[in-house]
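The residues making up each chain are set out below.
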Amino acid sequence: MANRSLAILGLFAEFLACASEHRTNLVTAILAEDPAQQLEIIRKLADTSDPIVPQVLAAWRGGTIYIFETNDAKVPFYLDAQLDSDGKAKGIRVIDGEPLFEGDKPMLFLASDLNSADTSSKLRKGIKTTLDLFAIGNPDPKIRRDAVIKLGQEQNPENISYFESRLQREKTGELRKTLVEAIATTQIASEDAAIRFAAIERLREMRSINALSFLEQLHKDAKAAPAKFGEPTVDATRQAIKEIEAYIARGNLVGTAFRGLSLAAVLLVAALGLAITFGLMGVINMAHGELIMVGAYTAYVVQNIFKDAFGAAGTGFDSYFIAALACSFVSAGLVGLVLERGIIRFLYRRPLESLLATWGVSLVLQQVFRHTFGAANVQVSSPSWLSGSFVLQDVLFAYNRIFVIGFAVFIVLLTYWLLTRTPLGLQIRAVMQNRSMASALGVRTDRVNMITFAFGSGLAGMAGACLSQIGNVGPSLGQNYIVDCFMVVVLGGVGNLVGTVSASFGIGVTDQILQPWLGAVLGKITVLAAIILFLQWRPAGLFVTRTRGLEG
Amino acid sequence: MTPAFPKREVWWIAIAAFIGIVLLPCLNAFVPAASFFHVSNFSINIYGKYLCYAVLALSVNLLWGYTGLLSLGQALFFALGGYALGMHLLLLIGQLGQYKADIPDFMVFLEFAKRFPETGGLPPHWIPFKNFWFAAAAVVWVPAVVAFIFGWLAFRSRIKGVYFSILSQALTYAACLMFFRNDFTFGGNNGLTDFKFILGADVNSPVTKRWLYVASAILLLLAYLVCRWLTTTKFGLIQRAIRDSENRVLFSGYSTASFKLFVFVLSAIIAALGGALYVPQVGIINPSEMAPDKSLEAVVWCAVGGRGSLVGPILGAVSVNALKSYATRAFAEQWLYILGGLFIVVVVFMPKGLVGLPEQLAGLKSRFCRRKCAASAPETPTATLKPVVRE
């Protein structure tokens with residue numbers, strides 16, 4: 001026991017000694033008269049790992065290191081973060097981190113009264129580099145990575161030794177790769193043809209997107225002065241640029257495909273409920289968007305309940321989303337049930353009127369939610385298993401997007417199963433195909449209508465809970481989806497799921513393909529125009545349910 | 001066929017027109033402000049706005065009430081008419097704008113000078129709008145062309161019923177998104193505003209406002225007479241036949257698509273004219289005017305007043321908007337409840353609107369009476385033989 005505490009004490013003493021050495025160096029650098037000497041010391045400081053160094057350097061660069069001059073000495077200091085009521089703060093000495101004392105009272109300073117230690121732009125640049133070098137030793141891998149990329153782009157050969165020493169310590173593949181990339185990027189500016197050539201080859205193999213602009217520059221220079229750079233450099237850079245560009249194109253393709261698929265899934269999730277209420281039942285439910293909103297707000301409420309019960313993190317809180325999906329199905333289903341019993345059942349024979357009445361309902365619902373939850377968007381936080389993403393081939397795959405795709409598949413299968421494999425589904429299809437015959441055979445059509453509408457509304461609610469993970473939840477949420485939802489159902493052809501699935505897929509992918517060229521809004525307009533033109537060719541949508549009825 | 005205009009109706013129209021076109025403006029202009037009969041400048045401006053809305057409602061009714069086409073894009077044509085005249089009015093501002101430049105303000109801060117250097121920043125398609133008559137013609141032909149193209153595409157492929165509604169809504173939604181874009185050269189989401197002159201007169205002076213009101217009233221009268229006349233013609237008959245059973249008309253050898261196209265274009269023009277008079281009276285036109293909600297609102301006016309009658313939409317537009325003006329001032333929060341509730345109640349319980357209300361009440365009364373009489377009188381055998389009418 002005693003041994004151990006002794007050992008700790010020893011370590012501590014060593015640490016102190018070390019720390020004081022860095023502090024001394026810092027003070028020397030700040031007080032040195034010769035800029036070259038200052039730069040040299042600063043450069044050396046990059047080898048240390050003491051957190052005081054970047055702190056003081058950053059302060060120096062930002063002009064918040066001050067010098068306290070006495071008759072015989074100059075003492076650099078910075079101000080304590082804690083201000084008193086007059087806005088004054090204690091002066092903390094750089095040399096030992098202790099406050100400046102006058103007698104036995106700490107001295108207080110006002111920042112605006114003080115003159116900061118001199119810096120030149122060259123010096124500030126030197127400090128910046130050191131700070132970046134420091135950042136490659138930062139415990140946060142993300143900061144480390146960004147610093148390495150930035151330093152690599154400086155193409156300063158002096159940095160290579162830092163990269164290499166870091167490379168020996170670095171364990172994760174991602175960062176090693178970034179370091180190798182930075183070394184290679186630095187080396188393509190090398191005078192030595194062999195090193196340069198090897199670096200170009202390495203970047204080509206790595207398909208480094210970060211180095212592309214440097215390679216292009218080098219290619220241009222080499223082409224302008226082949227005598228200086230030599231033919232192999234020109235060829236190698238051309239080849240490297242070609243391969244990297246092909247890689248980017250592939251990545252873009254994968255990215256577009258993924259984004260298209262995820263938008264398609266969003267549309268499908270949002271429109272599936274409508275495919276039931278409008279597609280199967282023929283009710284123009286303009287309040288469909290608001291049923292989605294009901295689901296989203298239910299998710300918000302469930303989230304708050306779980307937050308109160310389990311705190312804002314942990315497994316308890318993370319499982320809220322499962323409960324939210326179920327609750328939003330029930331709540332939106334109930335709203336749908338009331339809607340059907342209260343209004344829609346009077347209007348089955350008057351589809352245009354049901355459009356108007358449900359629009360009235362949508363206005364009322366919007367206002368209800370605006371009253372209850374306020375006009376601003378509410379914050380629905382994702383459970384930890386839905387936030388974050390992974391990167392593959394330089395394409396970002398977000399977990400919540402992947403979840404939406406999976407969820408879309410799930411509810412389509414669920415709906416398909418319900419409609420084709422259960423007695424209820426059989427009744428639903430019977431009523432939709434021939435109401436009077438179904439009624440004559442003893443199906444309680446009224447009840448089937450009610451259940452079908454409630455089910456469709458419930459699906460809309462689940463969609464709302466799902467969409468709360470990827471978009472804003474506010475009183476106008478429903479309005480954002482309603483036109484798209486109708487487009488999906490109309491394009492897909494009324495009354496079948498295959499049509500809805502393929503229409504949402506078509507719209508989603510087309511939209512994402514058009515977006516890079518036309519921008520979000522123009523892309524959307526083009527898609528709308530394309531749908532109108534497409535209906536020229538197939539007025540009843542992609543998949544037509546054939547009937548013998550004249551009015552179809 | 002009924003005679004074109006029964007005498008009684010002519011009298012009613014004449015009285016309404018006299019009150020609307022002559023009496024109210026005179027009360028505004030010549031009666032001293034202290035008098036009970038004085039109509040304030042503010043009121044006359046508001047009434048002018050209502051009358052423009054009434055024109056829009058008439059155009060919705062022509063489509064929905066008489067042809068069975070529920071267009072949810074009628075506000076688009078209203079706004080297009082407004083934009084056409086608004087462009088002219090904006091160019092009339094000249095150098096009196098915020099930036100004291102030759103071109104309208106929004107073109108200055110969007111740096112159109114870089115995009116259209118050869119015209120000093122004015123987009124080429126704006127230039128003809130310096131001429132009032134060109135702008136006035138554009139009020140008619142621009143919406144007409146848009147309506148023709150969309151209608152031709154829609155009716156040719158026999159898109160009807162709710163599909164037509166949904167597509168027309170998509171059309172206005174797409175146009176709305178388009179006009180919200182700054183680089184679409186129509187002022188982006190700020191729209192066109194800050195007008196100063198119209199035909200050489202100050203657009204904000206009470207006198208101009210009064211004349212604009214008179215113009216709106218005359219426009220409404222003309223639109224009413226055109227629609228009314230149309231109902232007396234054979235064309236109007238076919239129009240209503242299409243509403244009631246399109247397939248029968250089709251099988252009788254009529255090209256229903258051409259009829260519908262004509263009505264669609266005509267109603268677009270009527271709506272656009274209303275929009276053109278609306279803009280100088282409210283002093284602004286922006287893309288939210290063509291948002292899908294606005295079209296739906298116009299449909300509510302029509303439904304509340306009573307579709308399928310000509311007075312209904314006018315009554316509906318004026319009363320709903322008067323209610324809106326009152327409600328948004330008195331209890332702004334509840335306005336959407338009222339509007340939504342109105343929608344539901346009217347659609348579910350009053351399919352014929354305000355105009356049909358007396359008839360509906362009379363029906364209720366007679367049914368109530370009959371039940372009472374039936375209870376007191378002995379049941380007759382004929383009553384049991386009555387055919388069952390399914391609702």
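Residues numbered from 1 in each chain as written. Chains lettered and ligands numbered in written order. Predicted model: local features only at pLDDT ≥ 70, side-chain atom pairs only at ≥ 80, totals over all residues. Heavy atoms only, no water.

Caption draft 1: Spatial organisation of the overall build of chain A. The helix and strand inventory of chain A stands at 22 helices and eight strands. Taking 24 Å as the expected radius of gyration for a compact globule of 552 residues, we find that chain A reaches 33 Å, considerably beyond that expectation. If one aligns the C-alpha atoms of chain A with their principal axes, the spans along those axes are about 110 × 70 × 50 Å. Pairs at least 24 apart in sequence give 66% of the contacts found in chain A among residues at least 6 apart. (Helix = DSSP H or I, 4+ residues; strand = E, 2+ residues; numbered from the N terminus. Rg over C-alpha atoms; globule rule 2.2 N^0.38 Å. Contact = heavy atoms within 4.5 Å.)

Caption draft 2: Summary view of the interface of chain A and chain B. Taken together, the contact pairs 41 residues of chain A with 46 residues of chain B. Here chain A packs against chain B, burying approximately 4000 Å² in sum over the two surfaces, 75% of which is carbon and sulfur. Scanning the region where chain A abuts chain B turns up one salt bridge. Inspection of the chain A/chain B interface yields three residue pairs in polar contact (both at pLDDT 80 or more). Within the residue set of the side of chain A that touches chain B, elements represented by two or more residues are α15 (351-373), α20 (477-492) and α22 (520-537) of chain A. When residues of the side of chain A that touches chain B are assigned to their parent elements, the largest contribution, 15 residues, is made by α15 of chain A. Residue composition of the side of chain A that touches chain B, by class: 30 nonpolar, five polar and six charged. (Buried area = accessible area lost by both parts, 1.4 Å probe. Salt bridge = Lys/Arg side-chain N within 4 Å of Asp/Glu carboxyl O. Polar contact = N/O pair within 3.5 Å; in protein donor to acceptor, adjacent residues only side chain to side chain. Nonpolar A, V, L, I, M, F, W, Y, C, P; charged D, E, K, R; others polar.)

Caption draft 3: Structural detail: the domain arrangement of chain A. Under the domain assignment, chain A is made up of domain 1 (23-121), domain 2 (136-229) and domain 3 (257-537). Domain 1 of chain A and domain 2 of chain A are separated by 35 Å when their C-alpha centres are compared. (Domains from an automatic or database assignment.)

Caption draft 4: Representation of the environment of Pro287 of chain B within the structure. Residue and element names in this part refer to chain B. Within the secondary structure layout, Pro287 lies in the loop between β4 (284-285) and α12 (292-305). Assessed through its relative accessible area of 0%, Pro287 is described here as buried. C-alpha of Pro287 to C-alpha of Leu177: the two residues are 110 residues apart in sequence and 7.9 Å apart in space. Beyond its immediate stretch of four places on either side in the chain, Pro287 contacts Tyr83, Cys176, Phe179, Phe180, Gly188, Asn189 and Gly191. (Buried < 20%, exposed > 50% of the residue type's maximum accessible area, 1.4 Å probe, protein only.)

Caption draft 5: Fine view of the environment of Phe109 of chain A. Residues and elements named next belong to chain A. Relative to the elements of secondary structure, Phe109 occurs in strand β6 (residues 108-109). Sequence separation of Phe109 and Ile411 is 302 residues, and the distance between their C-alpha atoms is 66 Å. Leaving out residues up to four positions away in the same chain, Phe109 has contacts with Phe68, Phe77, Leu79, Gly87, Lys88, Ala89, Gly91, Leu100 and Leu114.

Caption draft 6: Fine view of the packing of aromatic side chains. Applying the stated criterion across every chain, the model contains 48 aromatic pairs over all chains. Here Tyr297 of chain A and Phe373 of chain A contribute two aromatic rings whose centre-to-centre distance is 4.6 Å and whose plane-to-plane angle is 25°, an arrangement assigned as stacked. In this pair, Tyr297 of chain A sits in helix α12 (residues 288-310) while Phe373 of chain A sits in helix α15, placing the two residues 76 residues apart along the sequence. Measuring from ring centre to ring centre gives 5.3 Å for Phe155 of chain B and Phe164 of chain B, while their planes differ by 25°; the resulting arrangement is stacked. For the pair formed by Phe155 of chain B and Phe164 of chain B, the shared burial category is buried. Above the plane of the ring of Tyr348 of chain A lies Arg435 of chain A, whose end atom (NZ or CZ) is 5.6 Å from the centre. Here the guanidinium or amino end of Arg156 of chain B rests over the ring plane of Trp152 of chain B, the centre of that ring lying 5.1 Å away. (Phe/Tyr/Trp six-rings, centres within 6.5 Å; stacked < 30°, edge-to-face > 60°. Lys NZ or Arg CZ within 6 Å of the ring centre and 35° of its normal.)

Caption draft 7: Looking closely at the packing of helix α14 (residues 320-342) of chain A against helix α19 (residues 445-467) of chain A. Residue and element names in this part refer to chain A. Orientation of α14 relative to α19, taken along the N-to-C sense of each, is 140°, at an axis distance of 6 Å. What the angle tells us is that α14 and α19 run oblique. You can see that α14 and α19 cross each other, and the crossing is right-handed. Considered class by class, the residues forming the contact of α14 with α19 number 15 nonpolar, seven polar and three charged. (Axes fitted to C-alpha atoms, helices over the stretch in contact; angles between N-to-C directions. Parallel < 35°, antiparallel > 145°, perpendicular 65-115°, else oblique. Left-handed = near helix turned anticlockwise from the far one by under 90°.)

Caption draft 8: Quick look at helix α7 (residues 161-180) of chain B. When the terminal C-alpha atoms of α7 of chain B are compared, their 29 Å separation across 20 residues agrees well with the 28 Å that a helix rising 1.5 Å per residue should span. Here α7 of chain B lies mainly inside the structure; 17 of its 20 residues are buried. (Expected span 1.5 Å × (residues − 1).)

Caption draft 9: Expanded view of the nonpolar core. With 217 residues, the main nonpolar core has Phe278 and Met487 of chain A together with Trp64, Trp126 and Leu192 of chain B as its most contacted residues. In contact with Phe278 of chain A, not counting residues within four places along its chain, are Val283, Ile284, Phe486, Val489, Val490 and Val494 of chain A together with Val162, Tyr163 and Ile166 of chain B. (Core = buried A, V, L, I, M, F, W, Y, C linked by side-chain atoms within 4.5 Å.)

Caption draft 10: Molecular detail of the packing of helix α11 (residues 231-280) of chain A against α20 of chain A. Residues and elements named next belong to chain A. Between α11 and α20, the least distance of the axes is 8 Å, while the angle of their chain directions is 65°. The angle between α11 and α20 falls in the class roughly perpendicular. As α11 runs across α20, the sense of the crossing is right-handed. On the side of α11, the interface is formed by Val266, Leu267, Ala270, Ala271, Leu274, Ala275, Phe278 and Gly279, while α20 contributes Tyr481, Asp484, Cys485, Phe486, Val488, Val489 and Val490. Taken together, the residues of the contact of α11 with α20 break down into 13 nonpolar, one polar and one charged.

Caption draft 11: Just the sheet that holds strand β1 (residues 65-69) of chain A, in detail. Residues and elements named next belong to chain A. Within the open sheet, the four strands sit side by side as β1-β2-β3-β6. Their pairing is antiparallel. Taken across any chain shown, the strands that pair with only one partner, and hence form the sheet edges, are β1 and β6. Bridge count for β1 against strand β2 (residues 74-79) is five bridges, and the pairing is antiparallel. Note on β2: the bridge partner recorded for Ile67 is Pro76. (Pairing = 2+ DSSP bridges.)

Caption draft 12: Structural view of the pairing of strand β3 (residues 89-93) of chain A. Residues and elements named next belong to chain A. By the bridge criterion, three bridges tie β2 to β3 in an arrangement that is antiparallel. Within the sheet, the bridge partner assigned to Leu79 lies in β3 and is Gly91. Here two bridges tie β3 to β6, and the two strands are oriented antiparallel to one another. Considered in β6, the bridge of Ala89 is made with Phe109.

Caption draft 13: Just the side chain of Arg204 of chain A, in detail. Residues and elements named next belong to chain A. Following the sequence through the fold, Arg204 ends up in helix α8 (residues 193-206). Under the relative-accessibility criterion, Arg204 is labelled buried at 18%. Reaching out from Arg204, the side chain makes a polar contact with the side chain of Glu201 at a distance of 3.0 Å. Among the polar contacts made by the side chain of Arg204, one reaches the side chain of Glu243 at a distance of 3.1 Å.

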